[in-house]
Structures are given as structure tokens and as C-alpha cells.
Amino acid sequence: MNQGLITVNAIGAGRWGPNLVRSLRNLPLVRVHQVADPDGARLELIARRFPDVRTTTDVAATVTDDVADAVVIATPVRTHFDLARRALQAGKHVFVEKPLCPTVEECELLSELAEGRGLTLAVGHVFLFNAGIRKVREILDSGALGRVYHLHATRTNLGPIRDDVNALWDLASHDLSIFQYWLGAGPSEVTAHGESYLKTGIEDVVLASYRYPSGEMASVQASWLNPRKVREITIVGERKMIVWSDMDVIEPVRVYDKNVQTRSSAAYADSLGGFQMQIREGDVVIPHVSGSEPVAAECEHFIECIRDGRPPINGAALATDVVRALAATDESLRRRGAMALIGKGRGPSGGRVRAARVAAGA
Ligand SMILES: NC(=O)c1ccc[n+]([C@@H]2O[C@H](COP(=O)([O-])OP(=O)(O)OC[C@H]3O[C@@H](n4cnc5c(N)ncnc54)[C@H](O)[C@@H]3O)[C@@H](O)[C@H]2O)c1
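Residues numbered from 1 in each chain as written. Predicted model: local features only at pLDDT ≥ 70, side-chain atom pairs only at ≥ 80, totals over all residues.

A.B. asks: Can you break down the overall build of the protein residue by residue, with the values?
C.D. replies: Counting its secondary structure elements, the protein contains 10 helices and 15 strands. A globule of 362 residues ought to have a C-alpha radius of gyration of about 21 Å, and the protein, at 22 Å, matches this closely. In the protein, which comprises 362 residues, the share counted as buried stands at 43%. Partitioning the intrachain contacts of the protein with sequence separation of at least 6 by distance along the chain shows that 68% fall at a separation of at least 24. (Helix = DSSP H or I, 4+ residues; strand = E, 2+ residues; numbered from the N terminus. Rg over C-alpha atoms; globule rule 2.2 N^0.38 Å. Buried ≥ 20, exposed ≤ 12 C-beta atoms within 10 Å, placed from the backbone. Contact = placed C-beta atoms within 7 Å.)

Shown next, in the form of C-alpha cells:
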């Protein structure tokens, strides 16, 4: 285990990069040495905010800098592969923002490179470090919901509008990582519709429906052209239901003790095939959720994985499954909603969630 100082260089000083720099600087025995960005104005902001950090427009030299043990990359998605590849080839541990790369092949190449050299490769699927998302996983693991029927995510806002990826890649990448974290596998098929209103060929609104290997259905509404900022997921289970809202900072998780019970009934035998549906309205429980800021926890996990040599929960396997699902969703979009098959998802937890549910009699 490496207990010494870890020196990090950062690439990309746009909207998101400074959050990573701030969180890394707050960690013990971590030094952010240099931030690189081709845009000098962005670097001036970094220099003002973090006077001890050097700034440069020389991105290539910063990626391969001998001083750095690790490189964090928060740049447009189209640049991720080349920057991460060069950093890994120079022997650096790498943290890249989500989504990992524009294609599955590029993700796999980075993954092989990192594995072959024994380097940590982590991806900015920051919701895996969100305390509410983790609380929901605890509840799912306990088997309290019974069989999970379906999930629905809404992720909308007005902006930020991107020009290198559509709203699906920018926003639904989060929900796909969350679904995979909860369900223990990636989706197997997708149908999607979307529309480009602002820039030709870049969808501002996407509605996608996924089917998971164990039968769960999950849908996502992703849009940067919407008056309201919503980050919400509803999970409907056989016994209970959950609503998670990232906008509710105090009480992000609500567990609804509601379900529909099916009983056989002679009285209904003629009209409803012998079954009676009974709606059960129980309590709404708001579990206590506490935890550190997700970006801070994500950066801490990256550094711990470097020190301990253990695989990150937000590693290349999960990130590649997310890109696999995104690429298939794009295919369905291009074919105007035709179903697209997605290769087998491996999942970060090897079906642990489902095993726990089975053990709990779900
Ligand atoms: N995890 C999250 O919640 C979250 C939130 C926002 C953004 N992101 C991700 O962070 C990444 C950056 O997003 P952003 O909102 O900061 O974008 P941005 O456009 O605000 O900033 C990107 C920065 O990268 C710089 N840049 C462009 N090309 C470069 C290159 N070849 N080499 C080095 N720098 C280059 C730009 O000058 C700019 O300063 C994206 O992958 C995005 O998906 C993640």
C-alpha cells in the first residue's frame, strides 16, 4: 500500500473540472500540481481560486508530466479516449469524467491498457457516491421491496446544452450507472425516441425504455430543454415503492408502503379471471440519509483505490456497460424507436443485489 503523497494533474478547467480540483486538494496526502486547459480564461479562474496550483495551456505535457502519479480528465467526451490513453501509456492512474468514451471499443482499449499496467482507471459516475442512491441500494439489498417491477428516472433542466453529445449521453449516463449499481447488471434491450430542436442531429430530449436481464423495465426521460431541474427516480416493487429525489437535500429518499395485492376470489371468478386486486396504502417512511458530498467521496475513493490497488466501484467495467447501453440507445434513436439489443452487462456487483433479494425470500 502506498501511504506517501500522491501528486495529481488535472485536464479541463470548464464547469466541472474545478469541482474535482477542489475535492482532491482537500484530501490528506494529495497534491494537485498542475491544471491544463487550452482556454487561458478558464485557467485564470483556476489561478485565482487555487493560487497554489500551477496552470498551463500545454495539455500534452501535463498528461505525461513525470511529477504526476495520477491524471484527472474533465473535458468534452470526444477528447476522453486520447487523453486517457496517453496518460495510461505514461504510467499514470486515471480518473475520466463520464461517459468514458464515445464507443465501446475505445472503453475496452482503455480498460485493457489500465489492467495490463496495473493502473487505476476510474470514471466520474458520481451518483454511485450519492448518499441517497446508496441508501436505496441498502433497501433493495434487504429485499424489502420484493421483486422490482419497474424504475423511472426523470433528469431535466434548462441547459447546459452540449455540442459533442446529446442529452442521452450527457444526462441518462447517470441514470444508467445508477440502475446498474442497484440492479447488478446492465440492460439487455432498449427502445428510444428523441428530438433535436436546438442543433441538428443532437437530441435535446430523449425518452428511452430499457429491459434488464431479470425482467425489470426501466425508463429515462433526459432533457436539457425543460423549465424545471428534476433529478428523480421512482422504483416500483412488488411489496413497496421508493422515490429518490436529488433536489430534496434533507429527505431525498421516501419509501412508500404501498402495493397491489392479488387474491383469488370466487366472487370475482367470472369477471376478473378469479382474481381480486386490492390496493394497500401504508405509511411513507423517510429514512435518515447522511453522507459526504458525492464528488468528495468519489475523489477519496479514487485515491484509496490507487493506494490499495483495489478496483474502483466506478471502474471501466461499469462505465463500459453504460457506454454499451448508450450506443444501443443511439441506434434505436436513429431507427426511430426500433428495438436495439445490448450486449451482456457484467455489472459492478456480480448479481449480489439479486442474490440478497432471493435470500430475503423476495
Ligand atoms: N459527474 C458529473 O456530474 C458531471 C457534471 C458536469 C460535467 N461532467 C462531465 O465533465 C466533462 C466536462 O464537462 P464540463 O461541463 O466541464 O464541460 P465544459 O465545456 O464546461 O468544460 C470543458 C473544458 O475542457 C477544455 N477542453 C476542450 N478540449 C480540450 C482538450 N482537447 N484538452 C484539454 N482541455 C480541453 C475546454 O477548454 C473547457 O474548459 C464531460 O465529460 C461531462 O460529461 C460530469
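A.B. asks: Describe the site of the ligand, with residues and values.
C.D. replies: With respect to spatial proximity, 22 residues lie near the ligand, and among them G14, R15, W16, D39 and E97 are the closest. When the residues that make up the shell around the ligand are grouped by side-chain class, the tally is 9 nonpolar, 6 polar and 7 charged. (Near = placed C-beta within 6 Å. Nonpolar A, V, L, I, M, F, W, Y, C, P; charged D, E, K, R; others polar.)

A.B. asks: Account for the packing of helix α5 (residues 104-117) against helix α9 (residues 316-334), with residues named and values stated.
C.D. replies: Contact pair α5 / α9: the axes reach a minimum separation of 9 Å and the direction vectors enclose 170°. Looking at the two axes, α5 sits roughly antiparallel to α9. Of α9, the residues touching α5 (which contributes V104, C107, E108, L110, S111 and A114) are A316, A319, T320, V323, R324 and A327. Split into classes, the residues belonging to the contact of α5 with α9 amount to 8 nonpolar, 2 polar and 2 charged. (Axes fitted to C-alpha atoms, helices over the stretch in contact; angles between N-to-C directions. Parallel < 35°, antiparallel > 145°, perpendicular 65-115°, else oblique.)

A.B. asks: Just give me the short version of the nonpolar core, but keep the residues and values in it.
C.D. replies: Across soluble globular proteins, nonpolar side chains have a tendency to be buried as a group. In this structure, V71, V72, I73, V94, L100, L110 and A316 are the most contacted members of the largest nonpolar core, which totals 94 residues. Setting aside its immediate chain neighbours within four residues, L110 contacts F81, A84, R85, L88, L100, C101, L121 and A316. (Core = buried A, V, L, I, M, F, W, Y, C linked by C-beta atoms within 7 Å.)

A.B. asks: Report on the domain arrangement of the protein, specifying residues and quantitative values.
C.D. replies: Examined at the domain level, the protein breaks down into domain 1 (6-127 + 295-314) and domain 2 (128-290 + 321-359). The C-alpha centroid of domain 2 is placed 29 Å from the C-alpha centroid of domain 1. Each side of the interface is counted separately: domain 1 has 19 residues, and domain 2 has 18 residues. Among the residues forming the side of domain 1 that touches domain 2, the class breakdown is 11 nonpolar, 4 polar and 4 charged. (Domains from an automatic or database assignment.)

A.B. asks: Run through the packing of helix α4 (residues 77-89) against α5, naming residues and quoting values.
C.D. replies: Direction vectors running N to C along α4 and α5 enclose 15°, while the axes themselves pass 10 Å from each other. The pairing of α4 with α5 is recorded here as roughly parallel in orientation. As α4 runs across α5, the sense of the crossing is left-handed. Residues F81, A84, R85, L88 and Q89 of α4 touch α5, and the partners they reach there are E106, L110, L113, A114 and R117. (Left-handed = near helix turned anticlockwise from the far one by under 90°.)

A.B. asks: Explain the sheet that holds strand β6 (residues 121-123) to me, using residue names and the numbers behind them.
C.D. replies: Taken in spatial order, the 6 strands of this open sheet run β3-β2-β1-β4-β5-β6, and their pairing is parallel. Of all strands in the sheet, those bounded by a partner on one side alone are β3 (54-56) and β6. In this sheet, adjacent strand axes meet at a mean angle of 20° when their direction is disregarded. In the sheet, strand β4 (residues 70-73) pairs with strand β5 (residues 93-96) via 4 bridges, with the strands oriented parallel. Bridge assignment links V72 to a residue of β5, and that residue is F95. On the sheet, helix α1 (residues 17-25) packs against β1 (6-11), β2 (30-36) and β4 and is oriented at approximately 155° with respect to β2. (Pairing = 2+ DSSP bridges.)

A.B. asks: Outline the pairing of β5, listing residues and values.
C.D. replies: Of the two faces of β5, the one lined by H93 and F95 and the one lined by V94 and V96 are each fully buried. With α4 bridging β4 and the parallel β5, this β-α-β connection has right-handed handedness. Strand direction decides the pairing type here: β5 and β6, joined by 3 bridges, are parallel. Each bridged residue has a counterpart across the sheet, and for V96 the counterpart in β6 is V123. Assessed by its sense of winding, the connection that carries the chain from β5 through α5 to β6 is right-handed. (Right-handed = clockwise from strand over helix to strand, strands pointing away.)

A.B. asks: Which residues make up the sheet that holds strand β14 (residues 275-285), and what are the values?
C.D. replies: If you trace the 9 strands from one edge of the open sheet to the other, you get β14-β13-β12-β11-β7-β10-β9-β8-β15, paired in mixed fashion. Across the chains shown, the open sheet's two edge strands, defined by having one partner strand only, are β14 and β15 (340-341). Pairing between strand β12 (residues 241-245) and strand β13 (residues 253-264): 4 bridges, direction antiparallel. Bridged to I242 within β13 is V255. Running over the sheet, helix α6 (residues 131-142) touches β12 and β13 and is turned about 170° from β12. Across the face of the sheet, helix α7 (residues 167-183) comes into contact with β7 (148-158), β8 (189-195), β9 (205-211), β10 (217-223) and β11 (225-237) while running at roughly 150° to β10.

A.B. asks: Describe α4, naming the residues involved and giving the relevant values.
C.D. replies: Compared with an ideal rise of 1.5 Å per residue, which puts 13 residues at 18 Å, α4 spans 19 Å between its outermost C-alpha atoms and is within 8% of the ideal. Looking at α4, one finds that the buried residues are V77, H80, L83, A84, A87 and L88. Down the axis, α4 shows its buried residues gathered within 130° of arc, on one side only. Looking one or two residues past α4, G91 carries a phi angle of roughly 85°, positive in sign. (Expected span 1.5 Å × (residues − 1). Arc of directions from axis to C-beta.)

A.B. asks: A description of unusual backbone geometry should follow, citing residues and the corresponding values.
C.D. replies: P99 follows K98 through a cis peptide bond whose omega is -20°. With respect to the helices, strands and loops of the structure, P99 is situated in the loop between β5 and α5. The phi dihedral of L29 is positive, around 60°, even though this residue is not glycine. Summarising the element assignment, L29 is placed in the loop between α1 and β2. Unlike most non-glycine residues, R336 shows phi in positive territory, near 50°. Take R336: it is sitting in the loop between α9 and β15.

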